[in-house]
Amino acid sequence: MPERIRAVRARVAAAAASAGRNADSVTLLAVSKGQPAPLIRAAAAAGLRDIGESYLGEALGKMEVLADLPLTWHFIGRLQANKTRQVAERFAWVHGLDRLKIAERLSAQRPYHAPALHVCIQVNLAGESTKGGVPPRDAPALAAAVAALPRLTLRGLMCIPPEETDRQRQREWFASLRGLEEALNADGLALDTLSMGMSGDFESAIEEGATLVRIGTALFGPRPEGPSPGTIPPP
Ligand SMILES: *Cc1c(COP(=O)(O)O)cnc(C)c1O
């Protein structure tokens, strides 16, 4: 386990160096969905602090068992309206925001004593119906509305692009998310986060400016059977 973490850290550092970036500018988010709490404890002992979970019930159970650790919890799954309260109460970050209604609920339900909830808007770059996210053309309006909510801090954009093995094609998806973020900032927002890159493509994402990579399999090994990343479960 620590061996896998070392290897991923080395790959993050190498990708950052090849892009002329400091490795410290990339947050390694350990995606632990489907993995047991003791593996998260081992990851924390190796210095990982940011933990990503996709399923609320599973995450709440792990939070309870790991309450003694100084972890920052990120919700990276699909968020339904009836689950927003617990997410607003228990998580520090939400990636994958793609509806104003959900954002409004999170803002209203964020406890007054907690800092504002950090959020990223998910963009569906390829218009894939199996994945969440707003079409790129709808991102500016949603970003402006979310940025105005009092208890949320809009930090940036997130994507799960189509799976590509070709590095150049991987980079093109990530470059388009970066371009969208730059356009929003030119319009007056102050976004500082690009949540992009997973086990299969994080080096390309870092080369295109990712500030946070969400990595599961490369850190923890294969997950026990489950839906693939970002897939919307059938109704
Ligand atoms: C599962 C998941 C990841 C991690 O995927 P790996 O391929 O295991 O690294 C990243 N982001 C999201 C949104 C996920 O659901």
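Up top you'll find the structure we're talking about.
Quick look at the structure, then. (Residues numbered from 1 in each chain as written. Predicted model: local features only at pLDDT ≥ 70, side-chain atom pairs only at ≥ 80, totals over all residues. Heavy atoms only, no water.)

**What to know about the site of the ligand**
And then number 1: Taken together, 15 residues sit near the ligand, with Lys33, Ser199, Gly216, Thr217 and Arg223 positioned nearest.
And then number 2: Compared with its free state, where it exposes 390 Å², the ligand has 95% of that area covered by protein.
And then number 3: When the residues that make up the shell around the ligand are grouped by side-chain class, the tally is seven nonpolar, five polar and three charged. (Near = heavy atom within 4 Å. Areas by Shrake-Rupley, 256 points an atom, 1.4 Å probe, with all protein chains shown as cover. Nonpolar A, V, L, I, M, F, W, Y, C, P; charged D, E, K, R; others polar.)

**A few points about the pairing of strand β8 (residues 212-215)**
And then number 1: Where burial is concerned, the two faces of β8 agree: the one with Leu212 and Arg214 and the one with Val213 and Ile215 are both buried.
And then number 2: Of the pairings in the sheet, the one linking strand β1 (residues 27-31) to β8 comprises four bridges and is parallel in character. Bridged to Ala30 within β8 is Ile215. (Buried < 20%, exposed > 50% of the residue type's maximum accessible area, 1.4 Å probe, protein only. Helix = DSSP H or I, 4+ residues; strand = E, 2+ residues; numbered from the N terminus. Pairing = 2+ DSSP bridges.)

**So, the nonpolar core**
And then number 1: Leu106, Val146, Leu157 and Leu219 are the most contacted members of the largest nonpolar core, which totals 63 residues.
And then number 2: With five residues, the top contributor of residues to this core is helix α1 (residues 2-18).
And then number 3: Ignoring anything within four residues of it in the chain, the contact list for Leu157 reads Cys120, Ile121, Val123, Leu177, Leu180, Glu181, Leu184, Leu191, Thr193, Leu194 and Ser195. (Core = buried A, V, L, I, M, F, W, Y, C linked by side-chain atoms within 4.5 Å. Contact = heavy atoms within 4.5 Å.)

**Notes on the pairing of strand β3 (residues 72-75)**
And then number 1: With four bridges connecting them, strand β2 (residues 50-53) and β3 associate as parallel partners. Pairing of Asp50 across the sheet is with Thr72, part of β3.
And then number 2: The parallel pair β2 and β3 is bridged by helix α3 (residues 56-65), and the resulting crossover is right-handed.
And then number 3: Two strands pair when backbone bridges link them, and β3 and strand β4 (residues 93-97) are joined in this way by two bridges, in the parallel orientation. Bridge pairing in β4 places Phe75 opposite Val94.
And then number 4: Handedness of the β-α-β unit built from β3, helix α4 (residues 84-90) and β4 comes out right-handed. (Right-handed = clockwise from strand over helix to strand, strands pointing away.)

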